[in-house]
Structures are given as structure tokens and as C-alpha cells.
Amino acid sequence: MLKITSKQLEVTALIRERIEGRLEKLSRHDIHLINPHVIITQEKQLFKIEASVGLPSGELFAQAKRENLYAAITAMGQKLEKQLNRLTHKPQAQRNVSLPNDTESEFEYVYKEENAA
């Protein structure tokens, strides 16, 4: 269940829909989201949005500051997607794959006894 906390701002249905839509994009990775929590604050001319999402293998956290609230929500969602993408594809990354040692199979040594006593 998504929890949205707001300071100095009323959370309208449109804001809630936008946040839920951004978090639904995370579900493409087939990972169960545990207790997603979003905090929205308004600081002078900027909107600050923070999100923390628990995962079975860790936790994601992202924050964004923008003059437009919807742009901040989008930026926060993109940061979460990037973190989740990095986390889910880490085992498949090239740096984790060791190269097989095929040099032994290229050379075959055949020992034949010639003129054995």
C-alpha cells in the first residue's frame, strides 16, 4: 500500500494518480514493492519529493527538487527506475562475468611411442 505524506500541500487525486503511475512502472521488473512511502514538501519556489521503496533484496531511495511538482514526480520516478534497473541487471553485467579459459582445448598433445624397445 502506497503511503503519501505531504507538508504544506494538499494531496489531490491527480497528484496521487501521477505518483501511483510512476511506481507502477517499477512493477515491470517483477519485483514486489514493500511499503512505498513518498514525502512531498514545498520549499519556497521548489517542490521536493522523496521516495523510499523497500525490496526483498534491499531498499531504493530517490529525491528530486523542481519548480513544477509533476516534473519533480517524473524525475523521482526516473531515478527509482534507474536504481531498480541497475539492481535487477547486476548479475548479468559484463564485469561480473569471468572469461572461460579455452586455451587448453586449443592444443591437443598426442603422445605416440615410436620404436619402443
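Residues numbered from 1 in each chain as written. Predicted model: local features only at pLDDT ≥ 70, side-chain atom pairs only at ≥ 80, totals over all residues. Heavy atoms only, no water.

Within the secondary structure, Lys48 is located in strand E3 (residues 46–55). For Lys48, a relative accessible area of 18% puts it in the buried group. One polar contact links Lys48 to Glu50, side chain to side chain, over a distance of 3.2 Å. Excluding residues that lie within four positions of it along the chain, Lys48 makes contacts with Ile39, Ile40, Thr41, Glu43, Gln63, Ala64 and Lys65. (Helix = DSSP H or I, 4+ residues; strand = E, 2+ residues; numbered from the N terminus. Buried < 20%, exposed > 50% of the residue type's maximum accessible area, 1.4 Å probe, protein only. Polar contact = N/O pair within 3.5 Å; in protein donor to acceptor, adjacent residues only side chain to side chain. Contact = heavy atoms within 4.5 Å.)

Here we come to the confidence of the model for the protein chain. Predicted confidence across the protein chain gives a mean pLDDT of 82, with 78% of residues reaching 70 or more. Looking over the protein chain, one finds the lowest element-wise mean pLDDT in helix H3 (residues 103–106), namely 54, and the highest in E3, namely 92. (pLDDT = per-residue confidence, 0-100.)

Before going further, it helps to spend a moment on the sheet that holds strand E2 (residues 34–43). Strand-to-strand pairing in sheets goes through backbone hydrogen bonds, with the strands running parallel or antiparallel. Sheet architecture is open: four strands sit in the order E1-E2-E3-E4, paired in mixed fashion. Of all the strands in the sheet, just strand E1 (3–7) and strand E4 (58–66) have a single pairing partner and so form its edges. When strand polarity is set aside, the average angle formed by the axes of neighbouring strands in this sheet is 10 degrees. Bridging between E3 and E4 involves nine bridges; their strand directions are antiparallel. What sits directly across from Ile49, in E4, is Ala64. The strands that helix H2 (residues 69–88) touches are E2, E3 and E4; relative to E4, the one it contacts most, it runs at about 150 degrees. (Pairing = 2+ DSSP bridges. Axes fitted to C-alpha atoms, helices over the stretch in contact; angles between N-to-C directions.)

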